[in-house]
Amino acid sequence: MFASSRFGKFRAQDRILARLKLRGDETVLDVGCGHGLLLIAAAKLLPRGHAVGIDLWSQWQQSGNSRKATLRNAALEGVAQRVSVHDGDMRKMPFADRSFDATVAHFAIHPDENRLNIARLAKQGPPEIPAKAEKAMSPLDELTESIKAAVSADSVLGKKLKFDLKGQGFIYIDGGSVTNENKPADLTLRLSIDDLKAMSQGKLAPMNAIMSGRLSLSDMGVAAALQGKMQVLFSKMQRAS
Ligand SMILES: C[S@@+](CC[C@H](N)C(=O)[O-])C[C@H]1O[C@@H](n2cnc3c(N)ncnc32)[C@H](O)[C@@H]1O
């Protein structure tokens, strides 16, 4: 069986794992395990089994991503003995067919061919291929979700703000609402998706982006007034990722 999910990160692992109806002695593979959210939750349900993670440790998709960090998380959660982690790419799985009782993934699966590649690893069948709606997020969806998570607790900015992503879509923030609408805003920041992502991760300083022409602002006065609040938004995005 293959299960995956896209939304509601902190409860999604329960939903995905509940669908597997584990007895506790199975071996489960978490594809694109990252820091081990699902992997560790699975290991807790497998007192006589084992949870295996595979990841290529993209720093773009998850900051501080590493096998060491994931194993440390497993140790902190008391399941290190029942967790192992492989360095690898889901497109070239280093496992034999039907090596696992079940495979899971959260926020990690990309094209359809990977789904089939993953499904063949599970003993249980026929494999459940997730519907189109459960496909992994596009970079625009990912950024929008991460901004939603950052503004959901409180309305951080107090102004209507729009990211114009140079032909790759829009992210519109109005109070606690975050959409992909292209509506009038108090401040529009025009930059590429990659640069917005880098900025939200603290890898690109806004001033450098402006000076190098990678970021343009519709209103310098509003931008100056919002500078501190934008920093708060970006740091919340980092914490939510
Ligand atoms: C957004 S993170 C999600 C991590 C974790 N599953 C979670 O829900 O917190 C996506 C993960 O998939 C991994 N990943 C992306 N493409 C991959 C591939 N082709 N093979 C293996 N892992 C991949 C990334 O390195 C990253 O750790």
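Bear in mind the structure is a predicted one, so any value in this text is a computation, not a measurement.

We now examine the overall build of the chain. Across its full length, the chain holds 8 helices and 10 strands. Relative to its full complement of 241 residues, the chain shows a buried share of 36%. Intrachain contacts of the chain at a sequence separation of at least 6 include 64% that bridge at least 24 residues.

With that settled, consider unusual backbone geometry. Phi is positive for Lys21, which is not a glycine, with a value near 50 degrees. By the element assignment, Lys21 lies in the loop between helix 1 (9–20) and strand 2 (27–31). For Lys21, a count of 10 C-beta atoms within 10 Å translates into the label exposed. The phi torsion at Arg98 lies on the positive side, around 55 degrees, for a residue other than glycine. Position of Arg98 relative to the elements: it lies in the loop between strand 4 (83–87) and strand 5 (102–106).

This paragraph deals with the sheet that holds strand 7 (residues 170–174). Strand order across the open sheet formed by 5 strands is 8-7-6-9-10, with mixed pairing between neighbours. Two strands bound the open sheet, and with one partner strand each, they are strand 8 (177–179) and strand 10 (216–217).

Right, let's get into the site of the ligand. Of all residues adjacent to the ligand, which total 20 residues, the nearest are Gly32, Gly34, Ser58, Met90 and Ala108. Secondary structure elements with two or more residues in the shell around the ligand: helix 2 (37–44) and strand 3 (50–55). Tallied by class, the residues present in the shell around the ligand amount to 9 nonpolar, 8 polar and 3 charged.

Moving on: the nonpolar core. Judged by nonpolar contacts, the single largest core of 33 residues is most densely connected at Val28, Leu39, Ala42, Ala43, Ala51 and Val83. Counting only elements with at least two residues in this core, the list comes to helix 1, strand 2, helix 2, strand 3, strand 4 and strand 5. Setting aside chain neighbours within four positions, we find Val28 in contact with Ala42, Leu46, Ala51, Phe100, Asp101, Ala102 and Val104. Grouped together as the second largest cluster of nonpolar side chains are 22 residues, Val151, Phe163, Val178 and Leu187 included.

So, about helix 2. For helix 2, the tally of buried residues reaches 6 of 8 residues, placing the bulk of the element in the interior. Among the residues of helix 2, Leu38, Leu39, Ile40, Ala41, Ala42 and Ala43 are the ones counted as buried.

The pairing of strand 6 (residues 161–164) with strand 9 (residues 187–190) spans 4 bridges and is classified as parallel. Note that in strand 9 the partner of Leu161 across the bridge is Leu187. In this structure, strand 9 lies alongside strand 10, joined through 2 bridges in antiparallel fashion. Following the sheet pairing, Arg190 is matched in strand 10 by Ser216.

A separate point is the pairing of strand 6. In this sheet, strand 7 lies alongside strand 6 in antiparallel orientation, the contact comprising 4 bridges. Paired with Phe163 across the strands is Ile171, a residue of strand 7. Linkage of strand 6 to strand 7, two consecutive antiparallel strands, is achieved through a turn of 5 residues, within which Lys166 is found at a positive phi near 50 degrees.

Of note, Ala18 is situated in helix 1. For the pair Ala18 and Ala42, spaced 24 residues apart in the sequence, the C-alpha separation amounts to 9.9 Å.

Following the sequence through the fold, Glu181 ends up in the loop between strand 8 and strand 9. Owing to 12 C-beta atoms within 10 Å, Glu181 belongs among the exposed residues under this scheme. Between the alpha carbons of Glu181 and Gly169 there is a distance of 8.4 Å; along the sequence they are 12 residues apart. For Glu181, the contacting residues outside a window of four places in its chain are Phe170 and Tyr172.

What follows deals with the confidence of the model for the chain. Should the pLDDT be low somewhere, the predicted coordinates at that spot are not to be read in detail. Taken residue by residue, the chain gives an average pLDDT of 82. The fraction at 70 or more is 83%. Here strand 1 (residues 2–5) stands out as the element of the chain with the lowest mean pLDDT, 48, in contrast to strand 4, whose mean of 97 is the highest. In this model, residues 126–135 is a region of pLDDT below 50 whose contacts with residues beyond four sequence positions or in other chains number 14 contacts.

Rules used in this analysis
- Residues numbered from 1 in each chain as written.
- Predicted model: local features only at pLDDT ≥ 70, side-chain atom pairs only at ≥ 80, totals over all residues.
- Helix = DSSP H or I, 4+ residues; strand = E, 2+ residues; numbered from the N terminus.
- Buried ≥ 20, exposed ≤ 12 C-beta atoms within 10 Å, placed from the backbone.
- Contact = placed C-beta atoms within 7 Å.
- Pairing = 2+ DSSP bridges.
- Near = placed C-beta within 6 Å.
- Nonpolar A, V, L, I, M, F, W, Y, C, P; charged D, E, K, R; others polar.
- Core = buried A, V, L, I, M, F, W, Y, C linked by C-beta atoms within 7 Å.
- pLDDT = per-residue confidence, 0-100.

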